[in-house]
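Fold and geometry: a report
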Amino acid sequence: TLVRTGDLIGEARAAGRAVLAFNVITVEHAEAVAAGAEAAGAPAVLQVSENAVKFHGGRPGPLAAATAAVARAAAVPLALHLDHVESEELLRSAAVHGFGSVMFDASRLPYADNVKATAEAVRWGHARGIWVEAELGRIGGKAGDAHTPGVRTDPAEAAAYVTDTGVDALAVAVGSTHAMTERTATLDHTLIAALRTAVPVPLVLHGSSGVPDEELRRAVQSGITKINVGTALNRAYSAAVRAYLETHPTVVDPRKYLAPARRAMAETVTAYLRATC
Ligand code: G3H
Ligand code: ZN
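Cut-off values and rules
- Residues numbered from 1 in each chain as written.
- Chains lettered and ligands numbered in written order.
- Predicted model: local features only at pLDDT ≥ 70, side-chain atom pairs only at ≥ 80, totals over all residues.
- Helix = DSSP H or I, 4+ residues; strand = E, 2+ residues; numbered from the N terminus.
- Rg over C-alpha atoms; globule rule 2.2 N^0.38 Å.
- Buried ≥ 20, exposed ≤ 12 C-beta atoms within 10 Å, placed from the backbone.
- Contact = placed C-beta atoms within 7 Å.
- UniProt positions renumbered as here; feature names shortened; annotations may be inferred.
- Expected span 1.5 Å × (residues − 1).
- Near = placed C-beta within 6 Å.
- Nonpolar A, V, L, I, M, F, W, Y, C, P; charged D, E, K, R; others polar.

Named according to an unreviewed UniProt entry, the protein is Fructose-bisphosphate aldolase originating from Streptomyces mashuensis.

Set out below in structure tokens:
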């Protein structure tokens, strides 16, 4: 069933649990998240990033519609989220395309400009019933950016940022970085606990593909409520395609290699959900 991110996050926070959010690039990703979540018997968020929208020619409609349809047909609650939005135009198309939540990413901007742009995005979103996540402390590794596992979000600044912007959830820099292909990151759990105390809204961990299960479990205990996973699915997808094509060099029907790719992603989703929820 298609549910709203804000509702999933609210329930998880009340229960001291976390919600996992998986990035969707193709319909097979969405189908894999649904299958993987059903196998784990857990809810999840299906998130489409601005970069994924760019890949689809800048049009969010077709993938959003397909992803929402997959969520509606699923046996577990799945929400639809628009991730890492920097474009005002894309932000303003969110409601039309059925996204119940958006991560507005002004983290590249200096602090004052980030506050101003994010507060505006929140005003816009709340007028339409859209839950808005934002980022403070630039988490590295986005679209070819350098990895910055050393960057940290300051708790006092985070508290002021949440008050000044009115965001519903805050993505924080606590040791993870995007697009890691090995799970070797260590998190600053003392900082997560300090942020949890200082900030009244749920905290979001980005770049979770590089974080080991045990670190994720501790992060949930320390106060993380949303865990974003993208690269881990793509790693599973690509490894499965590569393995299939190597042993079947003359295959032409994409279903032959997309089926194992989708299965590998679903297994990854189930493993993440079982380890952390
Ligand atoms: O917003 C998306 C996530 O932060 C994904 O990060 O690809 O490193 O798992 P990841
Ligand atoms: Zn992210």
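Don't stop here, the text continues.
1. Notes on the overall build of the protein
What the protein contains, in helices and strands, is 11 helices and 9 strands. Rg of the C-alpha trace for the protein: 18 Å, near the compact-globule value of 19 Å for 277 residues, within the 12% margin. In terms of overall dimensions, the protein has C-alpha extents of about 60 × 40 × 35 Å along its principal axes. Per-residue burial for the protein yields a buried fraction of 49% across its 277 residues. Long-range pairs, those at least 24 residues apart, make up 71% of the contacts in the protein between residues at least 6 apart in sequence.

2. Some words on the UniProt feature "binding site: Zn(2+) 2" (unreviewed entry) in the protein
The feature "binding site: Zn(2+) 2" (unreviewed entry), as annotated in UniProt, sits at Asp105 and Glu135 in this numbering. Across 31 residues of sequence, these annotated residues stay compact in space, with a maximum C-alpha separation of 6.0 Å. Relative to the helices and strands, Asp105 resides in the loop between strand E5 (101-104) and helix H6 (111-126). Along the chain, the position of Glu135 falls in strand E6 (residues 131-136). The exposure class of Glu135 is buried, given the 26 C-beta atoms found within 10 Å. For Glu135, the contacting residues outside a window of four places in its chain are Asp105, Ser107 and Ala171.

3. With respect to helix H11 (residues 254-276)
Spacing of three or four residues puts side chains on the same side of an α-helix, whose turn is 3.6 residues. The first and last C-alpha atoms of H11 sit 33 Å apart over 23 residues, in line with the 33 Å expected at 1.5 Å per residue. Among the residues making up H11, those that are buried are Ala261, Arg262, Ala264, Met265, Ala266, Thr268, Val269, Thr270, Tyr272, Leu273 and Thr276. Those residues of H11 that are buried are in contact with strand E2 (19-23), helix H2 (27-40), strand E3 (44-49), helix H9 (213-222), strand E9 (224-229) and helix H10 (231-247).

4. A look at the site of ligand 1
Lining the immediate surroundings of ligand 1 are 16 residues, of which His206, Ser209, Asn228, Gly230 and Thr231 lie closest. The residue makeup of the shell around ligand 1, split by class, is 4 nonpolar, 11 polar and 1 charged.

5. So, the UniProt feature "active site" (unreviewed entry) in the protein
When the UniProt feature table is mapped onto this chain, "active site" (unreviewed entry) is found at Asp83. Turning to its location among the elements, Asp83 is positioned in strand E4 (residues 78-85). Residue Asp83 is classed as buried on the basis of its 27 C-beta neighbours within 10 Å. Each residue touching Asp83, except ones within four places of it in the same chain, is listed here: Asn23, Gln47, Val48, Ser49 and Met103.

6. Concerning unusual backbone geometry
With the exception of glycine, the majority of residues adopt a negative phi angle, and the majority of peptide bonds are in the trans configuration. The phi torsion at His84 lies on the positive side, around 50 degrees, for a residue other than glycine. Within the element layout of this structure, His84 appears in strand E4. Judged by C-beta crowding, with 27 C-beta atoms within 10 Å, His84 ranks as buried. The backbone phi angle of Ala143 is positive, close to 40 degrees, even though this residue is not glycine.

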